[in-house]
Amino acid sequence: MKVLAIESSAHTFGIAIVNEKGRFLADERIIYHTKSGGIVPQEAAKVFETEKHSLLKKTLEKAKMSLEEIDIIGVTAGPGLPPCLLQGVSLAKEIAKKYNKKIIPVNHIRAHLSIGTLLTKAKDPLFLFVSGANTQLITKEKDTYYILGETLDTGLGNALDKFARNIDLGEGPLYGPKIEEYAKKGRYIPLTYSVKGMDVAFSGIVTQATNLYKKGAKKEDLCYSMQETIFAMLTEITERAMAFTGKKELLLIGGVAANKRLTAMLDIMCKERKAACRAVPMYYAGDQAAMIAWQAMQEKENAKNPEEIDINPRWRVNQKL
Ligand code: AMP
Ligand code: MG
C-alpha cells in the first residue's frame, strides 16, 4: 500500500510517499522564506500555489511512480494557518477527484508524534512537542491523547523567532539555528522564569529581552540567556510530567527539537531519572509531508470522499475532527 501525503500548515509545502513498512519513497519540500519578519499567511499560500504542481511532479519522479499507483491521499487538515492549509487540501482534492482516490485528513501534531515514534523506535514515551506554534507535553494511552501541560501564550518557536526579529537577527522566518549560533558566544543575563505547574509562558520574557536589547545588551548574551532560561523552564515541566506519569522515555519532537542545548539539558534530566531521552532526527524535526504520510497510513480507516474534507485550523491533538 502506498500513501501520498501533503503538508502545508505553515512555512513548508511538502509532498511525500510512504509504503506500509514506513519506507519513504519520496519526500520533497519547499520552504517559504522572508527577508525579514514572520510568515505572512497569504504570501506563503501564494508561493505554495505557484510551486505545488511542480513539486508534485518532482515527488512522483523521485518515487518513480504515477498517481494511478497511489492507494490513498493524506493531507494536513489542521492545526495551521488557514490560507496555507487550504493550498494542501485543494491539491489533495484535485488529485483525489481526478484519480478517484479517498483522502485521510491528518492532524499535524499527531503526525509529528508518530514520525518521532517510528524513527526513534520509542515505545511508550512522554512527548515534548516544541514547534513554531506549539509547546505541549503529551501522552498517548491506547488511542487517546492527553495534553498534560502547554504554553499559556505563544509557542516556543514563535517566541524565539519573535525575539530574534526584535533584536535584528536578519532574514527569517525561522531563526532557531541563528539564535543557537549567537548563544555559543554569550554570557548569562537573568531573565524572568515563568512556570505554572506543567504550563509555561514566554511572551513576558520576549518583551524583557527586547527591552534589554534596546538598552544596549549584546545579541550574543541575549540569545544565550533566552536559551538557558526558556529551556530550563521546559526541562522543569518535563521532569514534573515524567514524575507524574512514571514514564521512562522522553521523546522530543517539533522544529525546536533541532536545538542541541535543549536536547543536552533534557538529556541530563533524563539520565538523573534513569530514563531514555530521544529526539526525532533533525531532518524530520520540522514540518514535512513524510510524517503526514505515515500518520495517514496509521489511520487508513478514516479515509473520506474528497467533498467531505475540510480544514480545522485549531484542531487540538486530543480532539476528534
Ligand atoms: P516547526 O513548526 O515544527 O516546523 O518548527 C519551526 C520552529 O523551529 C521555528 O520557530 C524555528 O525557529 C525553530 N527551530 C528550528 N531549528 C532550531 C534550533 N536549532 N533551535 C531553536 N529553534 C529552532
Ligand atoms: Mg509543525
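Everything numeric in this text was worked out from a predicted model, so none of it was measured.

Caption draft 1: View of the coordination of the magnesium ion (ligand 2). Around the magnesium ion (ligand 2), the donor atoms from the protein are His-108 (NE2), His-112 (NE2) and Asp-287 (OD), and they sit 2.0 to 2.3 Å away. Each donor residue of the magnesium ion (ligand 2) belongs to the same chain, with the gaps between them written as H-x3-H-x174-D. Within this pair, whereas His-112 is found in helix H3 (residues 108-120), its partner Asp-287 is found in the loop between strand E12 (276-279) and helix H9 (289-298), the two being separated by 175 residues in sequence. Each member of the pair, His-112 as well as Asp-287, is classed as buried.

Caption draft 2: The sheet that holds strand E3 (residues 24-31), seen in detail. An order of E3-E2-E1-E4-E5 is seen for the five strands of this open sheet, with the pairing classed as mixed. What marks the edges here is a single partner per strand, and that holds for E3 and strand E5 (102-107). On average, each strand axis in the sheet is inclined to that of its neighbour by 20 degrees, with strand direction left out of account. Two strands pair when backbone bridges link them, and strand E1 (residues 2-7) and strand E2 (residues 12-19) are joined in this way by six bridges, in the antiparallel orientation. In the strand pairing of E2, Val-3 is matched with Val-18. The strands touched by helix H1 (residues 41-63) within the sheet are E1, E2 and E3, with E3 carrying the most contacts at an inclination of about 155 degrees. Strands in contact with helix H2 (residues 82-99) are E1, E2, strand E4 (72-78) and E5; relative to E4, the strand with the most contacts, it is inclined by about 160 degrees.

Caption draft 3: Seen up close, the packing of helix H6 (residues 203-214) against helix H7 (residues 219-245). Remark: H6 packs on H7, axes separated minimally by 10 Å, with the N-to-C direction vectors making an angle of 165 degrees. When the interaxial angle is binned, H6 and H7 end up roughly antiparallel. Of the two elements, H6 crosses H7, and the hand of that crossing is right-handed. Contact residues: Ile-205, Val-206, Ala-209, Leu-212 and Tyr-213 in H6; Lys-219, Leu-222, Met-226, Ile-230 and Met-233 in H7. The class makeup of the residues in the contact of H6 with H7 is nine nonpolar, no polar and one charged.

Caption draft 4: Examining the domain arrangement of the chain more closely. Segmenting the chain into domains produces domain 1 (2-111 + 287-308) and domain 2 (123-283). One C-alpha centre belongs to domain 1, the other to domain 2; they are set 28 Å apart. Area buried by domain 1 at its contact with domain 2 is led by Arg-29, Lys-35 and Ile-109, which between them contribute 37% of it. Where domain 1 meets domain 2, there are zero salt bridges. At the surface where domain 1 touches domain 2, the tally comes to one residue pair in polar contact (both at pLDDT 80 or more). Looking at the side of domain 1 that touches domain 2, the elements with two or more residues in it are E3 and H3. Looking at the side of domain 1 that touches domain 2 residue by residue, the class counts come to three nonpolar, eight polar and four charged.

Parameters and conventions
- Residues numbered from 1 in each chain as written.
- Chains lettered and ligands numbered in written order.
- Predicted model: local features only at pLDDT ≥ 70, side-chain atom pairs only at ≥ 80, totals over all residues.
- Heavy atoms only, no water.
- Donors = N, O, S within 2.8 Å, 3.2 Å for Na, K, Ca; no water.
- Helix = DSSP H or I, 4+ residues; strand = E, 2+ residues; numbered from the N terminus.
- Buried < 20%, exposed > 50% of the residue type's maximum accessible area, 1.4 Å probe, protein only.
- Pairing = 2+ DSSP bridges.
- Axes fitted to C-alpha atoms, helices over the stretch in contact; angles between N-to-C directions.
- Contact = heavy atoms within 4.5 Å.
- Parallel < 35°, antiparallel > 145°, perpendicular 65-115°, else oblique.
- Left-handed = near helix turned anticlockwise from the far one by under 90°.
- Nonpolar A, V, L, I, M, F, W, Y, C, P; charged D, E, K, R; others polar.
- Domains from an automatic or database assignment.
- Buried area = accessible area lost by both parts, 1.4 Å probe.
- Salt bridge = Lys/Arg side-chain N within 4 Å of Asp/Glu carboxyl O.
- Polar contact = N/O pair within 3.5 Å; in protein donor to acceptor, adjacent residues only side chain to side chain.

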